[in-house]
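# Understanding the architecture of this molecule
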Amino acid sequence: MMSTVLCMSFLALVLSGGAWAFSPIGDGASTHVSITEKAVLQKVTEVCRAIAESEGRDFTPTGNSAEELVQACLGPKATGEVSAVKFKSALNEIYIQNGQVDRDFVNSPAHHFNSEAFALGRRLITDGVASIKANVQKENFQAARETLGRVLHTLQDFYSHSNWVDLGYTEPYANLIRPDLPLENLADVKTPTCSDCANGGFCSNSILPNILNEKKLTSGYMGILSSAKPKGKCSHGGAADLTSSKAPRGGISKDERRSDNVALHTAAVTVATTATLQLLDDIRGAAGDNNYLRFMGIARSSVVVFVIDTTGSMSDDILEAKRVVYEIIDSKKGTQDEPSLYILVPFNDPKFGPLIKTTNPNVMKAEIANLTAEGGGDLPEMCLSGLQLALTGAPASSNIYVFTDAVAKDIELKETIVALIRSTKSTVSFFMTNDGAGARRRRRGVESRAATFETYKDLALASGGQAIGVTKENLPQATDVIIDSSTSALVIVLQRARNPGRAETFSFLLDESLNNITIYITGNTITFTLKNPAGVTQKQNEANGELGTVQTVGNLFRVRLASNKHTGLWEISMNSNQPYTLKVTGQSTIAFIYDFVETFEGPHPGYALISGRPKAGMPAMLLVSVLGRKGPASVKVANVALVTVSGLEVVGGTLEDMGNGEFLVTVTKVPAGEFVVLLNGTDVVSSTVFQRQSTTQMSVSKVTIKAVVDRSMEPGKTFTLPFTVMTDTTGGSYKISARNDRDFKMNVPGSIAVTTGGNATGELTITVPANTPSGTDVTLTIEAVAPGATADSNYAVLRLSVVSKVTDFTPPQCEVVSVSSVDCPADPAACSSAFWQLSANMTDGVNGTGIASLTHRQGVGNLTHTDLKQMVVAAAFNASCCSLTVELVALDKAMNVGTCLYTTKVTWHHRRLVRGGVVPGRHKLPQPQSHKSRLFLQFIFLKKYIFTFKHTANRASVLKSNLETQMEEPKPVKGRCLTVSRCILTLS
């Protein structure tokens, strides 16, 4: 079930000799992951193509890699390298949440459409879709992706666990995603549905003939803990299903491809894929094309996030932040390094926020220009509260920059900040300035700034950022760090820290793909010598040397290597008895992403994401995805290791190559203390070895805390969340704390008693204010701290969504009123001189919430409409005959989507289009069919011909063959069908 556009299967793992994936709907390629992947990539490609056509440009990926697809989506006009890390990370979020349904809801009939739980299963889908649409509207994309993964699992299970395809249906059951339509012809609980399978396994034709004849809908009962089921009912089947041994024995599941169900399994996979496409298209209609791509991670990786102290002494810092933002916006416009998102969080005391988020650079300019420095009589400020907003509001793996001249008043948030840094893998850098006002405040008795700034240094080190101490006068020289990192393909080659400092030589590999290589060193009284593979050296006091330029400001050394770098092994010899940090960065599309995972058992065993710290005392497992310049085939991974940033320990892992750039890495002995991930390999394109490192420090714990989000929250209501604390060490009273980034009122137990080596369950409540907008996401961090001197701890980070209750489930209706046009000529040279117009009425009905927006996503033309507040909205679409199709998309205020698709006619001029005749562009065409055959032929001359036939797929196949045989220089014609009746044939 692989995509023809991009092969990016997430995992096809082997465990104990059996094939398994995150959550299989069958063996081989037919898994939840492959079904989801195929549909997601097909829809992304469709949306990218539609946007390209609307902009009048080609959509022509140069290859099958993620990088090349993203490059084609974002447009060839944008110069520079573009990374596919965000895209791959977004896909993995969907896949992981899809698979975890088999762990978190293994015994829930509704989540799998088991035990005839059709109404409850549909409720999960429709509630989930409502949450996704609301989140996307608020640009809370990660929460939306996680919900999408869970919803798609349930939707796909319907076709594998019910008898839908057994009844002969080949199209999806649209009522599953349409709550306004009834679930019809369900077998009631007293109706027998299956015959006994004597062998106790799976038998063909187990479903009773009367059920098939009457088209009654049923599904198999599943019992993991009990064999009970209603009399005469079908079972799911399989060794884990206890009901399958109770008459009628056997099962009707089509999860696996077996000898008795090959056709049904294939049909279930096909219909599940189509159903996934339909659901994605519904979300696309609600989101709009551009936001849909952002939802899927198709965006430039560069994000500008500023957290700024606005107290009275910060006026110079604010001016510098403004200058940096303006420079980034103006210098990177039109390139792949142009930021895709701008975020600003102000703070002082006692206020912090709000979080300002925009994709519009002019809005960011205006917002930062409006900042004013005022107040701040006492020194400590709400720095960490502002940083918490930024970490939860910014996309994962963002670079966040904090400007302050004061210590943190909210120091109790430090562990929450560390948990969020680890969860989001974001990098935080601090610009800590000093002035006379700060000195005066210290003389009032506030603790020494040098001592309390250690908190910022700790957080910077934990995230892989820098803590840069400079005077306000020299701040402009230090902010070049921000300019450096505002790139779409930033990678880390090496990062180390030493406290206390010591003389040490560090080596690192530079490969041919790296550009804009920069070395950052923070610390005091440091000397260093840099040496390239040819033996050429440069010292810290050589501002302009053979290897590059050295800039010194405050406690920061910034070394920018010359563009004519030498590939190979470099060395930097450091010498200082003071603490220092070392970081080597560059720009490259060779990168990797990773997650720590753990196994789970059950009917469909798999791997689940670890939200907090990995478990101590057992091997650590990582899922690693590697991206190359031309896709995964263009890199070869040599090894993956866990490395202590502040020590000398390097522990390699065993690699299991899963294909398509995916690796399962197992590290049997995890380093003590904080560590990062180091990956080495070979760039096949240049045959040079490369080195990449993660930024976020991680450690293990003997404490585990788990919680599962099973629904959304509702404004004005209290939400209860159970959680479980487990330990492999001494029991006792474990301290519990929890925080959320919206400051919603919570009731959290202060402690929970856990037995030695045991577990205990508690619960917390969150009260959602009644005025909370639908689509708001809430990031909740729960921490458990063990008793004793070691104070071992762990955390769980969860994203919850607030969704208002939906009462309008009916999509807007569209009625084509009239189509006025001259007959469109078939000659493409004449299409621009003829025009046609479509008039349509859109309505959301008497009881609807009203139409919120009206757009078109097919066709190049001009759409106008009357006031959307009217009961009936009149729409008019005008286009030239070069664009023959239009699809109107109406969205109501409840996020229901209604569409209207129309294709106008083409008039054939037989004197020009005779059999064997030549149409401009050399190629002979078959004689046009009669108008009764409803064949419409459109020519688009963009270095290729695209022939669109509004007819059956079989007819398109015949016409494809005719085209291939009648050309003067025979060439293959590629074909793909958008629907059963609309196919596109392409001749390169």
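Our structure's up above, just so we're on the same page.
Sequence order sets the numbering: in each chain, residues are counted from 1 along the sequence as written. With the structure being a predicted model, the display of local features is reserved for residues of pLDDT at least 70 and the display and counting of side-chain atom pairs for 80 or more, all residues being used for whole-chain, interface and lining totals. Side-chain figures throughout are based on the complete set of non-hydrogen atoms in the structure, without hydrogens or water.

Take the environment of Ala633 next. A helix here means a DSSP run of H or I that spans at least four residues, while a strand means a run of E at least two residues long, and both kinds are numbered starting from the N terminus. Its place among the elements puts Ala633 in the loop between strand S20 (620-627) and strand S21 (635-644). Burial classes follow relative accessibility: with a 1.4 Å probe on protein chains only, a residue under 20% of its type's maximum area counts as buried, one over 50% as exposed, and anything between as partly exposed. Overall, the relative accessible area of 72% leaves Ala633 in the exposed class.

Turning our eyes to something else, we now look at the sheet that holds strand S22 (residues 650-652). Spatial strand order, S22-S21-S25-S26: 4 strands in an open sheet with antiparallel pairing. Strand pairing shows two members of the sheet lacking a second neighbour, S22 and strand S26 (688-693), which therefore form its edges. Averaged over neighbouring strand pairs, the angle between their axes works out to 25° when direction is ignored. Whether two strands pair depends on DSSP finding at least two bridges between them. Relative to S26, strand S25 (residues 675-683) is paired through 6 bridges, and the arrangement is antiparallel. In the strand pairing of S26, Leu679 is matched with Arg692. Every axis in this analysis is a line fitted to C-alpha atoms, fitted for helices over the stretch in contact. Angles between the N-to-C directions lie between 0 and 180 degrees.

What follows covers the pattern of salt bridges. Salt bridge, as applied in this entry: a Lys or Arg side-chain nitrogen positioned within 4 Å of an Asp or Glu carboxyl oxygen. Applying the stated rule across the entire model yields 47 salt bridges. Of the charged contacts in the structure, one is a salt bridge between Glu55 and Arg57, with a shortest N-O distance of 2.8 Å. Residue Arg57 is classed as buried on the basis of its relative accessible area, which comes to 14%. Residue Asp792 pairs with Arg613 through a salt bridge whose shortest N-O separation is 3.7 Å. Residue Asp792 is found in the loop between strand S33 (777-785) and strand S34 (793-801), and its partner Arg613 is found in the loop between strand S19 (606-609) and S20; the two are separated by 179 residues along the sequence.

Take the buried Ala, Val, Leu, Ile, Met, Phe, Trp, Tyr and Cys residues and link them wherever side-chain atoms come within 4.5 Å; each set so joined is a nonpolar core. Phe87, Leu148, Phe158, Tyr159, Leu279, Phe295 and Met296 are the most contacted members of the largest nonpolar core, which totals 59 residues. Every residue pair with non-hydrogen atoms within 4.5 Å of one another is taken to be in contact. Once residues lying within four places of it in the same chain are set aside, the contact partners of Tyr159 are Trp164, Val165, Pro172, Tyr173, Leu176, Lys254, Ala268, Val271, Ala272 and Ala275. Counting 57 residues, the second largest nonpolar core, distinct from the first, contains Leu341, Val345, Val670 and Tyr795.

Spatially, 4 strands are ordered S31-S29-S33-S34 in an open sheet, and the strand pairing comes out antiparallel. Edge positions in the open sheet fall to strand S31 (751-754) and S34, since each of these has one partner strand only. Strand-to-strand twist in this sheet, taken as the mean axis angle between neighbours without regard to direction, amounts to 25°. By the bridge criterion, 9 bridges tie S33 to S34 in an arrangement that is antiparallel. Note on S34: the bridge partner recorded for Leu780 is Leu798.

The next subject is the state of the cysteines. Two cysteine sulfurs form what is called a disulfide whenever their separation falls within 2.5 Å. Tallied over the full model, the rule gives 5 disulfides. Disulfide pairing is shown between Cys831 and Cys882; the S-S distance is 1.9 Å. Across the S-S bond of Cys831 and Cys882 the torsion is about 85°, and the bridge reads as right-handed. Highlighted residues: Cys831 in the loop between strand S36 (824-825) and strand S37 (835-843) and Cys882 in the loop between strand S40 (872-880) and strand S41 (885-892), separated in sequence by 51 residues. We classify Cys831 as buried; its relative accessible area is 10%. Judged by its relative accessible area of 33%, Cys882 is partly exposed.

Turning our attention to the environment of Val345. Along the chain, the position of Val345 falls in strand S4 (residues 341-347). Judged by its relative accessible area of 0%, Val345 is buried. The residues contacting Val345, other than those within four sequence positions of it, are Phe306, Val307, Ile308, Gly353, Pro354, Leu355, Gly386, Leu389 and Ala390.

Another point: the packing of helix H3 (residues 85-104) against helix H6 (residues 141-161). The contact between H3 and H6 brings their axes to 7 Å, and the two run at 45°. It follows from the interaxial angle that H3 and H6 lie oblique. Pair H3 / H6 crosses with right-handed handedness. On H6, the residues that touch Ala90, Glu93, Ile94, Gln97, Asn98, Val101 and Asp102 of H3 are Gln142, Arg145, Glu146, Leu148, Gly149, Arg150, Leu152, His153 and Gln156. Here the contact of H3 with H6 is composed, by residue class, of 5 nonpolar, 6 polar and 5 charged. Just so you know how the angles are binned, under 35 degrees is roughly parallel, over 145 roughly antiparallel, 65 to 115 roughly perpendicular, and the rest oblique. Here a crossing is taken to be left-handed if its near helix is turned anticlockwise relative to the far helix by less than a right angle, and right-handed if that turn runs clockwise. The nonpolar class holds Ala, Val, Leu, Ile, Met, Phe, Trp, Tyr, Cys and Pro. Asp, Glu, Lys and Arg form the charged class, and all remaining residues, Gly among them, are polar.

Glancing now at the packing of aromatic side chains. Here a pair means two rings of Phe, Tyr or Trp (six-membered ring of Trp) with centres within 6.5 Å. Their orientation is stacked below 30 degrees between planes, edge-to-face above 60, and tilted elsewhere. For the coordinates displayed, the defined rule picks out 21 aromatic pairs. With 4.6 Å between their ring centres and 25° between their planes, Trp164 and Tyr173 make a pair best called stacked. The two residues Trp164 and Tyr173 agree in class, both being buried. With a centroid separation of 5.1 Å and 20° between ring planes, the pair formed by Phe403 and Phe431 is classed as stacked. Here Phe431 lies in strand S7 (residues 427-434) and Phe403 lies in strand S6 (residues 399-404), a separation of 28 residues in the sequence. Just as Phe403 is buried, Phe431 falls in that class too. Joined through ring pairs, the aromatic side chains of Phe113, Phe118, Phe158, Tyr159, Trp164, Tyr169 and Tyr173 make up one cluster. Definition used: whenever NZ (Lys) or CZ (Arg) falls within 6 Å of the ring centre and also within 35 degrees of the ring normal, the charge is taken to sit over that ring. Cation over ring: Lys215 sits above Tyr169, and NZ or CZ is 5.0 Å from the ring centre. The lysine or arginine in question, Lys365, covers the ring of Tyr326, its NZ or CZ lying 4.9 Å from the ring centre.

Bringing a nonpolar patch on the surface into the picture now. Patch construction takes residues with relative accessible area above 30% that form no salt bridge. Like charges are linked within 9 Å, and nonpolar side chains (Val, Leu, Ile, Met, Phe, Trp, Tyr) are linked within 5 Å. In these tables, accessible area is a Shrake-Rupley quantity obtained with a 1.4 Å probe, and a residue counts as shielded only by the protein chains included in the view. Together, Val846, Met871 and Val872 line one region of the surface with nonpolar side chains, adding up to about 310 Å² of accessible area. Checked against the element boundaries, Val872 lands in strand S40. Residue Val872 is classed as partly exposed on the basis of its relative accessible area, which comes to 41%.

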